[in-house]
Structure formats: C-alpha cells, structure tokens
Amino acid sequence: MPAPDVTTASAPSPALFAPPPDDDAFHDFADALTDLVPAVERTVHRLGQAPDDADAVAELFRALHNLKGDAALCRFAAGVAIVHPLESLLARVRARALPFSPALAEIVLLALDRLELAVDTLLRGDRLADQPTLRLPPLLAGLERLAAAPGDWLEALAPEVVEQVTGFRPARLDGNEEATTAPSAFVPVSVAADDPRSTDLAFFHTLAERFEARSPRYAGRTARQCSLALDINADAGQPVPPAQLEAAVYLHDLGMMLLPEALWLRPGSLTDTERQALMRHPEDGAGLLARMPGWQTAAEIVTQHHEMPDGRGYPHGLKNGAIAPGAKILAIVDAFEAVMLKHKDRGLARSTLRAVAEINACENQFAPEFIAPFNRVMRRRLERPGE
C-alpha cells in the first residue's frame, strides 16, 4: 500500500491561528518555551546516540506533554496543534510500537523550530494568519498524518513533510548535518594579490580573526560568512562590488569588540539597556571603513546590515528601497550564522537544513530579491556538499 499523501489537507480553521486571549499567560508560556526547548533538543540528541534509551524517551514524552498542557492553559491553539501530534508519536515510541529514528528526530526538531517562530511572531504583535512563510498549514497536516501513519511509513513520509514545510527535500534525515560552508583558512577571493586593496583586505581580515579568537563559538565564522556572501552576490548577478562586500563581512561586527565581553559573548536574552548598547555596534564598525579612502560602499553595508525592509531594523529604521544591496545580503548571511550558532549553543550538531528553513520562514525580515539566490546557493551546498 502506498504511503499517504502529505500534500493534500483541508485548510485549518482561522480560529487555530488566533492570538491567545491572555497576554500575561502567553508571555509565561513563551518564557517556559525558551527554557524548555534547549533541554528537549539535547534529549533528542541523546536519543540519536541511543534510540532505545527508555529514560530519555520518557523524558521527551513528559516535556512534550507538559508543553502541550501549558499551551492549552494559555489557549494557544496553534501551539497545541503543533505539539499534540509529536506527543502522540512519542507515546508510540514509549510503548515500543515505533522506533525513535533519525527521521522522527528531525520532525520533532523542525516542529519545535516552527513553534518558536510562531511564538516570536505573536510576541511582535503580528498575526500568524499573515505569515505564509511559516508554512504552518502544511506542517500541521504533515504532523497529523505522521501521527496516524503505520510505523513502516514514517521514513517515507518524513522527508515529504520536511520538503512541504522547508522547500528542501533532505538527502538525509539524521539531525546531524554539518555546515557545508568554507573552511576557516583565509583565501583572498575578490582582488588579485597585486591589487592595492589587497593590503587593506588583509588588515580587515586580521581584525576579523581577532574577533573570532575572543570565543571558540566563533571559530571559522569569518570564512563561512565571506564565502556565503560572495556566492549569493555572484548568483544574484554581482550587484555589489565583491571587494566591498568582502570588507564589510570582515568588519561588520568590529563594533562588538568595543562592548563588554559579558554582553556579547554570553548566549541568552538581553536587558533593554544592553540591547540599546548592542544596537550601536554597526555604526562603530562602519566608522573605520568610512575614514579609509575607497571603502565607502563597505561602510554603508556595515552601517545598514541590521536594517529590515519593513523599517523595523536598526540603527536608522530604513525601509527596503533605502537599504544598500550589500547590506541586504549581509543581513541574510549574518542571520544564518546566528541560527547555526543557536543550534551549536544548545549542544547539538549544526543542522544546515533547519537553519536554511528558519531563514525562509523569517523571509519578511530580509529583502526578497536575495532570498532566492540564498536558496539556490544553499541547495547546491546541501545537494553537493563536497564541491
């Protein structure tokens, strides 16, 4: 018998995407989710190493059961709808009616990613119904079909669900995809060795390496970001002079080095005062470039790389047409690296697929004309990681 189709499902009720009526209760749920998800991800990782660990299975089931209960208490209907099928799947694993497989692990992690993004959307005051890039209807349809499917169909259905939600069909579902970006060794890419700008770029790269050295969390970051930014730029038809983009990648976080290490090295949320201090770092980094002849475009990119098309970015609240193309590319690259770092901070191997999917789910934060080039570049890297 063929596996059921995950692409067809009735549209969910509009009430499912309504905001929870009690703001205080929902904020409590959001805080609890922030605390719970890293522990859930670590448990999933443990089960990836030891799928028959009954204690880990029970721990994961309890976490999902409690999460569903908390969502129900604050009447967060979409949260309940996301978690309930996961709880059902784990109940089958706990009863030994279903193995805990790599495919199941990836489904759990992807669903939790979307739950976090849905919560963030509501906390911003936006409506879930206005966020088609979250792909919540196909996620919910897929989860329901997985929860009801026979165990021997799960491995075939899981990639279909992932593709419907993320737009990418995974080559493997083991929750342990390594980043397919460049190695950490510096290779000049945008100018010839005898170009006068090569000396400046070497100096900028040295400063970036010093930033990396402040924490092992950042190892290899500069090369990864430079490679991805230049590849996106090339795929888009090279709207940004490559040397300017390369310089901007090297120095976009230079201003962070002027802040107390306790502020920018620790993971986790910031106070309002800390956030205001952090929001000044683009202009601090751009100041060096602006004072060097020939690097004005790079300075503009650094200043604007945290601006957003809808005007909700910083430091100046610019809207789409006022933001430099290089800043739009760097915004995507910087966010992608941040998502990968988030996974790493939680003690997991980095999942490139999930990070790409998260960028696409948040595409309203980025210039749409560069999302497609980003996707093409990442698709090539995911499909041909050795190249």
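Residues numbered from 1 in each chain as written. Predicted model: local features only at pLDDT ≥ 70, side-chain atom pairs only at ≥ 80, totals over all residues. Heavy atoms only, no water.

Quick word on the overall build of the chain
Summing up its helical and strand segments, the chain has 16 helices and zero strands in all. Going through the 387 residues of the chain one by one, you find that 53% of them count as buried. Restricting to contacts in the chain with at least 6 residues of sequence separation, those with at least 24 account for 69%. In the structure as shown, the chain presents an accessible area of about 17100 Å², 54% of it carried by carbon and sulfur atoms. (Helix = DSSP H or I, 4+ residues; strand = E, 2+ residues; numbered from the N terminus. Buried < 20%, exposed > 50% of the residue type's maximum accessible area, 1.4 Å probe, protein only. Contact = heavy atoms within 4.5 Å. Areas by Shrake-Rupley, 256 points an atom, 1.4 Å probe, with all protein chains shown as cover.)

Details of the packing of aromatic side chains
The final tally for this structure, using the stated rule, is seven aromatic pairs. Geometrically, the ring pair formed by Phe-203 and Phe-204 is tilted, given 6.1 Å between the ring centres and 50° between the ring planes. The class of Phe-204 is buried, set by a relative accessible area of 0%. With a centroid separation of 5.7 Å and an interplanar angle of 65°, the aromatic rings of Phe-336 and Phe-374 are classed as edge-to-face. Here Phe-336, found in helix H14 (residues 325-345), pairs with Phe-374, found in helix H16 (residues 368-383); they are 38 residues apart in sequence, far enough to count as distant. An aromatic cluster of three or more residues is present, and its members are Phe-26, Phe-29 and Phe-76. The aromatic ring of Tyr-218 is capped on one face by Arg-221, whose charged end is 5.4 Å from the ring centroid. (Phe/Tyr/Trp six-rings, centres within 6.5 Å; stacked < 30°, edge-to-face > 60°. Lys NZ or Arg CZ within 6 Å of the ring centre and 35° of its normal.)

Structural notes on the pattern of salt bridges
For the structure shown, the criterion picks out 17 salt bridges. For Arg-224, the salt bridge identified is with Glu-337, shortest N-O distance 2.6 Å. Placement of the pair is Arg-224 in helix H8 (residues 221-235) and Glu-337 in helix H14, with a sequence separation of 113 residues. For Arg-224, a relative accessible area of 8% puts it in the buried group. The shortest N-O distance in the salt bridge between Asp-235 and Arg-380 comes to 3.2 Å. You can see Asp-235 sitting in helix H8 and its partner Arg-380 sitting in helix H16, a full 145 residues away along the chain. Taken together, the salt bridges that share partners define one network made up of Arg-124, Asp-126, Asp-310 and Arg-312. (Salt bridge = Lys/Arg side-chain N within 4 Å of Asp/Glu carboxyl O.)

Section: helix H12 (residues 281-290)
Taken residue by residue, H12 has His-281, Pro-282, Gly-285, Ala-286, Gly-287 and Leu-289 as its buried positions. Buried residues belonging to H12 abut helix H7 (197-213), helix H9 (242-251), helix H11 (272-278) and helix H13 (296-304).

Observations regarding unusual backbone geometry
Cis geometry marks the peptide bond from Tyr-314 to Pro-315, where omega comes out at 15°. Assignment of secondary structure puts Pro-315 in the loop between H13 and H14. Positive phi outside glycine occurs at Arg-96, with the angle close to 60°. Considering the arrangement of structural elements, one finds Arg-96 in the loop between helix H3 (77-94) and helix H4 (102-123). The exposure class of Arg-96 is exposed, given its relative accessible area of 64%.

Concerning the packing of H8 against H9
It is at 9 Å that the axes of H8 and H9 come closest, and there the two elements cross at 150°. Viewed along their axes, H8 and H9 adopt a mutual orientation that is roughly antiparallel. In this structure, the crossing between H8 and H9 has a hand that is right-handed. Note on element contacts: H9 touches H8 through Pro-242, Leu-245, Glu-246, Val-249 and Tyr-250, opposite Thr-222, Gln-225, Cys-226, Ala-229, Leu-230 and Asn-233. (Axes fitted to C-alpha atoms, helices over the stretch in contact; angles between N-to-C directions. Parallel < 35°, antiparallel > 145°, perpendicular 65-115°, else oblique. Left-handed = near helix turned anticlockwise from the far one by under 90°.)

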